[in-house]
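What follows is each chain in one-letter form.
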Amino acid sequence: MRPGRAEIVGGGFGGLVAAAALAERGWSVRLHERRGAIDAEGYGIAVQPNMMLIFRSLGIADAVIAGGARIDRRDSLDGEGNVVLTRKTARSPYRIDRRHIVRLLARRAAEAGVEIRLASPVTEISPDGAVTVDGGDRMEAELVVLADGAGSALRAPLGLLRQRIWQRDGGVRVTIPRTPGEIAEDAVSGTVMIEAWADNRRVLYCPVNDEEYYVLLGSLVDDEAGKTTPIDPETWSRSFPALGAILARVAAEADWEEARWARFQTVRLTRWCKGRVAVLGDAAHAMPPYLAQGAGHAMMNALGLAVALDEEPDLASAFRAWERRERPLTEHTQRWTRIYGNTIFLPRPLKRLSIAAERRIPWIGRQYLRAAHVVPTGCAHVAAAE
């Protein structure tokens, strides 16, 4: 179809990739971000092979890598600190600060010609392609992309929501400084990501750049001590005695004015589009973070939308082709991230079996990693060049 005007709501991973990809294909793109800056929460993200291909397609992969850390192996521990499973990381084993990536995506979108409007909260969208911003200005477009997060207030009037499942667990994510000794140890034994499970709690931490650890603390909704921030290191150390030192540092050094415990959720829509509106990212398919693919799917589906619009003769056929191509893998990942996340509910002996299942039953590992190793729509030329 002929490129036209696109209005994008939300300056996260999905919105920014959609903006850049559409602008590169000739669309006139305006992106609305409700906050006064393009930014993201200050914690780490796993950059897996599918995501790296998208960054390469946008020409920012080297800059993304330069701001992160390469992880050499992943150790899964039980509550006593015993290693249940150790794995060398596969291709693109990077952990990167989210803010670093979002800023690079915003710069790439601006270079492609996207008009980025900050402090521009959208108050209403309509299926006919109209966007109304705070203050009453109404803007009409051939395409509206809604990518404003799992709690989107603009999604409800579209009537597309099928399920919003509040999980029984959630977590808080922070960063803390690394010590000089920890940084020096990287050269000796390599960089490590630690994931530990005990007492319906989960601790994950790893370098996210040369100077910081990213830390995730997961717990159940009814675990009041686990949900409390700042954390009580003594409470957490009773579940993870071998991690007492790192937990004490988290309590003392994390930015607790910024960090908050958030309940995980899964969002499913009846369709991802209505009229001239396409919904993507967490607004369309939020998922718990256990397989580290929420941002990956937001970006893959954003790029896939731009490709479908470039290939198909009209908007309706482009939307149909887009959902038919992208939705099955997204829903596969939603399902399997919940399966993996159920490890938190198991009694201790079964936790060990669940963790080890990835190696003992390779088919399970392949389900966990299916999205990570797919070649995203629009990236075949990049994959062929590697």
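Before any of the text, the structure's been laid out above.
Attention here is on the structure that accompanies the text.

Basis of the calculations
Residues numbered from 1 in each chain as written. Predicted model: local features only at pLDDT ≥ 70, side-chain atom pairs only at ≥ 80, totals over all residues. Heavy atoms only, no water. Pairing = 2+ DSSP bridges. Helix = DSSP H or I, 4+ residues; strand = E, 2+ residues; numbered from the N terminus. Axes fitted to C-alpha atoms, helices over the stretch in contact; angles between N-to-C directions. Core = buried A, V, L, I, M, F, W, Y, C linked by side-chain atoms within 4.5 Å. Buried < 20%, exposed > 50% of the residue type's maximum accessible area, 1.4 Å probe, protein only. Contact = heavy atoms within 4.5 Å. Lys, Arg positive; Asp, Glu negative; His and termini not counted. Salt bridge = Lys/Arg side-chain N within 4 Å of Asp/Glu carboxyl O. 1 Å grid on protein atoms, 1.4 Å probe; cavity = no way out; pocket = protein on both sides within 12 Å on 5 of 7 lines; lining within 4 Å. Points joined across faces, edges and corners; volume = space filled by probe spheres on them. Nonpolar A, V, L, I, M, F, W, Y, C, P; charged D, E, K, R; others polar.

### Notes on the sheet that holds strand S9 (residues 122–126)
Read across the sheet, three strands follow the order S9-S10-S11 without closing on themselves; strand pairing throughout is antiparallel. In this open sheet, the two strands that pair with only one neighbour each are S9 and strand S11 (138–140). Across the sheet, the mean angle separating the axes of adjacent strands is 20° when strand polarity is ignored. For strand S10 (residues 130–133) and S11, the ladder comprises three bridges, and the chain directions are antiparallel. For Thr132, the partnering residue across the bridge sits in S11 and is Arg138.

### Re the nonpolar core
In terms of nonpolar packing, the biggest core is built from 80 residues, with Leu22, Phe55, Leu105 and Ile125 touching the most fellow members. Top element by residues in this core is helix H10 (residues 294–311). It accounts for ten residues. Beyond its immediate stretch of four places on either side in the chain, Leu22 contacts Ala6, Ile8, Trp27, Val29, Leu143, Val145, Ala306 and Leu309. Counting 25 residues, the second-largest nonpolar core is a separate cluster that includes Leu77, Ile194, Ala251 and Trp261.

### Considerations on the pairing of strand S5 (residues 73–77)
Taken across its five residues, S5 has four buried, putting it largely inside the fold. Sheet topology note: the S5/strand S6 (residues 83–88) ladder contains five bridges and is antiparallel. Bridge pairing links Ser76 to Leu85 in S6. In this antiparallel pair of consecutive strands, S5 and S6, the connection spans five residues, and Gly81 shows a positive phi of 90°. Pairing of S5 with strand S14 (residues 192–198), which is carried by five bridges, proceeds in the parallel orientation. For Asp75, the partnering residue across the bridge sits in S14 and is Ile194.

### Regarding the sheet that holds strand S13 (residues 161–177)
One open sheet holds the seven strands; their spatial order is S6-S5-S14-S15-S16-S13-S17, and the pairing between them is mixed. A strand with exactly one partner marks an edge of an open sheet, and here the two such strands are S6 and strand S17 (262–269). The sheet shows a mean angle of 20° between the axes of neighbouring strands, taken without regard to direction. The pairing of S14 with strand S15 (residues 201–207) spans five bridges and is antiparallel. Bridge pairing in S15 places Ala196 opposite Val203. Of the strands in this sheet, S13, S15 and strand S16 (212–220) touch helix H8 (residues 244–253), which is tilted by about 95° from S13.

### Digging into the side chain of Arg95
Structurally, the position occupied by Arg95 is in strand S7 (residues 94–97). The buried charged residue Arg95 lacks any salt bridge, with Glu195 as its nearest oppositely charged partner at 9.0 Å.

### A closer look at the side chain of Ser239
By the secondary structure assignment, Ser239 is in helix H7 (residues 233–239). Apart from residues no more than four positions distant in its own chain, Ser239 is found in contact with Gly79, Ala198, Asp199, Arg201 and Arg348.

### A few points about the environment of Leu369
Structurally, Leu369 is set in helix H13 (residues 362–369). Exposure remark for Leu369: the relative accessible area of 33% places this residue in the partly exposed category. Residues Leu369 and Glu323, 46 residues apart in the sequence, show an inter-C-alpha distance of 21 Å.

### Focus on the pattern of salt bridges
Between side chains of opposite charge, a pair can form as their charged atoms come close. Following the criterion strictly, the structure yields 27 salt bridges and no others. The salt bridge involving Arg108 is made with Glu24; its shortest N-O contact spans 2.6 Å. Taken together, the residues span a long stretch of sequence, with Arg108 in helix H4 (residues 98–111) and Glu24 in helix H1 (residues 13–24) at a distance of 84 residues. Glu24 gets classed as partly exposed once you look at its relative accessible area, which sits at 36%.

### As for the layout of surface pockets
Empty space within the second largest pocket amounts to approximately 230 Å³. In this structure, the second largest pocket is lined by 15 residues; those nearest its centre are Glu185, Asp186, Gly190, Val192 and Tyr213. Sorting the residues of the lining of the second largest pocket by element identifies helix H5 (180–189), S14, S15 and H8 as the ones contributing at least two each. At four residues, the largest contribution of residues to the lining of the second largest pocket is made by H5. When grouped by side-chain class, the residues that make up the lining of the second largest pocket number six nonpolar, three polar and six charged.

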